[in-house]
Amino acid sequence: MPDAERFSLAQRGEVLVVQVHSQLLQALLMGEWAPGERLNIGRLAASMGVSVTPVREALSRLISDGALRTDAKRAILVPRLGREELQEIFDLRILLEGELAQIAATRATDHTVDELEAIQAELVEALNAHDYKRALRQNARFHFLIYETAQRPETMRSVRALWVRISPTTHFHYPLLDYTREGISRHQQIIQQVRERNGPALRAAVVEDLKGSLATIQLEQT
C-alpha cells in the first residue's frame, strides 16, 4: 500500500476515534451510565455502528483522563467517587465555575436571560415528570450557557472534564432535588444576578448552588 494511502487511512481512523470519544464523553456528561456500571466494548460498538477498534481506543483515552476506570479483571467501569475525591472535584469546580460566572455577568445579554429562563422551565418540567436524565441535561445546559458566555475556552475545557467526572454521581441526587426543589430556588437566584449583570453576586450564587449539590450528594452517601 502506498505511503500516502496508509496516511489517509490513519487520518480517517483518528477522525472516527475522535467522533466516538466525543459521543462517549457526551453520554458520561448526561449521566447515561451509573457509577459502578460496566461498559461493554462490543455493545457500544454495535450501538454506534462502528467496529470495536475506535471504541477501544476512545475508552482507553477516557481511562487515561480518569473519566473511566478498570477493575482487577480489566473490566471498564464508570467510577464510584469517594468523599475525598468528590470534595476535590467540587473545590476545583467552585474555583473555575465561580470565575467563569463572574466574567459572564459582564458579557450577558437580555437574550442570555431569556435562554436561562427557558432552560429552567424545561428543567422544572423534567423534574415534574420525574425524568431525571432529562433534568440532568437541562442542568448542564443551564450552567454551560453561563460559563460559555465568559468566552474562556481553556477554562471551559477544564470545567467540562470535571463535569464528565461528576455527572454519573450527580444524576443520583435528582430524586432528592425533586423532593426539596432547593436547586430550583438557587437557579432562580443565579438568573436574577445574570439579569442584574452583577459579577460578584453571580459568582456567589453559582458557588452556593455547587455547595448545595455537594451537600446533597454527601447526604445520600451517608
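Owing to the predicted nature of the structure, the values given are computational and were not obtained by experimental measurement. (Residues numbered from 1 in each chain as written. Predicted model: local features only at pLDDT ≥ 70, side-chain atom pairs only at ≥ 80, totals over all residues. Heavy atoms only, no water.)

**Concerning the overall build of the chain**
Next, step 1: Helices and strands together make up the secondary structure of the chain, namely ten helices and three strands.
Next, step 2: Against the 2.2 N^0.38 benchmark of 17 Å for 222 residues, the chain shows a C-alpha radius of gyration of 19 Å, consistent with a compact globule.
Next, step 3: Summarising its shape, the C-alpha atoms of the chain cover approximately 65 × 40 × 30 Å along the three principal directions.
Next, step 4: Sequence separation of at least 24 residues holds for 74% of the intrachain contacts in the chain that already meet a minimum separation of 6.
Next, step 5: Total accessible area computed for the chain in this model is approximately 11500 Å², and 52% of it derives from carbon and sulfur atoms.
Next, step 6: Of note, the chain has its 27 positive side-chain charges centred 5 Å away from the centre of its 29 negative side-chain charges. (Helix = DSSP H or I, 4+ residues; strand = E, 2+ residues; numbered from the N terminus. Rg over C-alpha atoms; globule rule 2.2 N^0.38 Å. Contact = heavy atoms within 4.5 Å. Areas by Shrake-Rupley, 256 points an atom, 1.4 Å probe, with all protein chains shown as cover. Lys, Arg positive; Asp, Glu negative; His and termini not counted. Charge placed at Lys NZ, Arg CZ, Asp CG, Glu CD.)

**Observations regarding helix H6 (residues 132-149)**
Next, step 1: For H6, which comprises 18 residues, the first-to-last C-alpha distance of 26 Å matches the rise-based estimate of 26 Å (1.5 Å per residue) to within 8%.
Next, step 2: Once H6 finishes, Gln-151 follows within two positions and takes phi at roughly 60°, a positive value. (Expected span 1.5 Å × (residues − 1).)

**Overview of the side chain of Gln-193**
Next, step 1: Positionally, Gln-193 belongs in helix H9 (residues 182-196).
Next, step 2: Gln-193 gets classed as buried once you look at its relative accessible area, which sits at 7%. (Buried < 20%, exposed > 50% of the residue type's maximum accessible area, 1.4 Å probe, protein only.)

**Here's the deal with the sheet that holds strand S2 (residues 69-70)**
Next, step 1: Overall, antiparallel pairing links the three strands, which are arranged S1-S3-S2 in an open sheet. In the strand order of this sheet, the two ends are held by strand S1 (38-39) and S2, each with one partner. (Pairing = 2+ DSSP bridges.)

**What about the pattern of salt bridges?**
Next, step 1: Going through the model one piece at a time under the given rule, you end up with 15 salt bridges.
Next, step 2: The shortest N-O distance in the salt bridge between Glu-57 and Arg-61 comes to 3.0 Å. Here Arg-61 and Glu-57 lie together in helix H3 (residues 52-64), a separation of four residues that amounts to about one turn.
Next, step 3: We classify Glu-57 as partly exposed; its relative accessible area is 34%.
Next, step 4: A salt bridge links Arg-197 to Asp-110; the shortest N-O distance between them is 3.0 Å. (Salt bridge = Lys/Arg side-chain N within 4 Å of Asp/Glu carboxyl O.)

**Side note on the nonpolar core**
Next, step 1: Counting 55 residues, the largest nonpolar core has Leu-59, Ile-146 and Tyr-147 as its most contacted members.
Next, step 2: Apart from the residues within four sequence positions on either side, Ile-146 is in contact with Ala-101, Ala-104, Leu-116, Ile-190 and Leu-202. (Core = buried A, V, L, I, M, F, W, Y, C linked by side-chain atoms within 4.5 Å.)

**Topic: H9**
Next, step 1: The end-to-end C-alpha distance of H9 is 22 Å, a good match for the 21 Å that 15 residues give at a rise of 1.5 Å each.
Next, step 2: Where H9 is concerned, the buried positions are Gly-183, Ile-184, Arg-186, His-187, Ile-190, Ile-191, Gln-193 and Val-194.
Next, step 3: Count one or two residues on from H9 and you reach Arg-197, which has phi positive near 55°.

**Quick notes on the confidence of the model for the chain**
Low pLDDT means the predicted atomic positions in that stretch should not be read closely.
Next, step 1: For the chain, the mean per-residue pLDDT works out to 89, and 91% of the residues sit at or above 70.
Next, step 2: The low-confidence segment residues 3-11, where pLDDT is below 50, has two contacts with residues more than four positions distant or belonging to other chains. (pLDDT = per-residue confidence, 0-100.)

**As for the packing of H6 against helix H7 (residues 153-170)**
Helix-helix packing is characterised by the crossing angle of the two axes and by the distance between the axes.
Next, step 1: Contact geometry for H6 and H7: axes closest at 12 Å, N-to-C directions at 165°. With respect to each other, H6 and H7 are oriented roughly antiparallel. Of the two possible hands of crossing, H6 and H7 adopt the one that is right-handed. From H6, Leu-136, Asn-139, Ala-140, His-143, Phe-144, Tyr-147 and Glu-148 reach across to H7, where they touch Met-156, Val-159, Arg-160, Trp-163, Ser-167 and Thr-170. (Axes fitted to C-alpha atoms, helices over the stretch in contact; angles between N-to-C directions. Parallel < 35°, antiparallel > 145°, perpendicular 65-115°, else oblique. Left-handed = near helix turned anticlockwise from the far one by under 90°.)

**Describing the packing of H6 against H9**
Next, step 1: Contact pair H6 / H9: the axes reach a minimum separation of 12 Å and the direction vectors enclose 25°. Looking at the two axes, H6 sits roughly parallel to H9. For the element pair H6 and H9, the recorded crossing hand is left-handed. Of the residues in H9, those touching H6 at Asn-139, Phe-142, His-143 and Ile-146 are His-187, Ile-190 and Ile-191.

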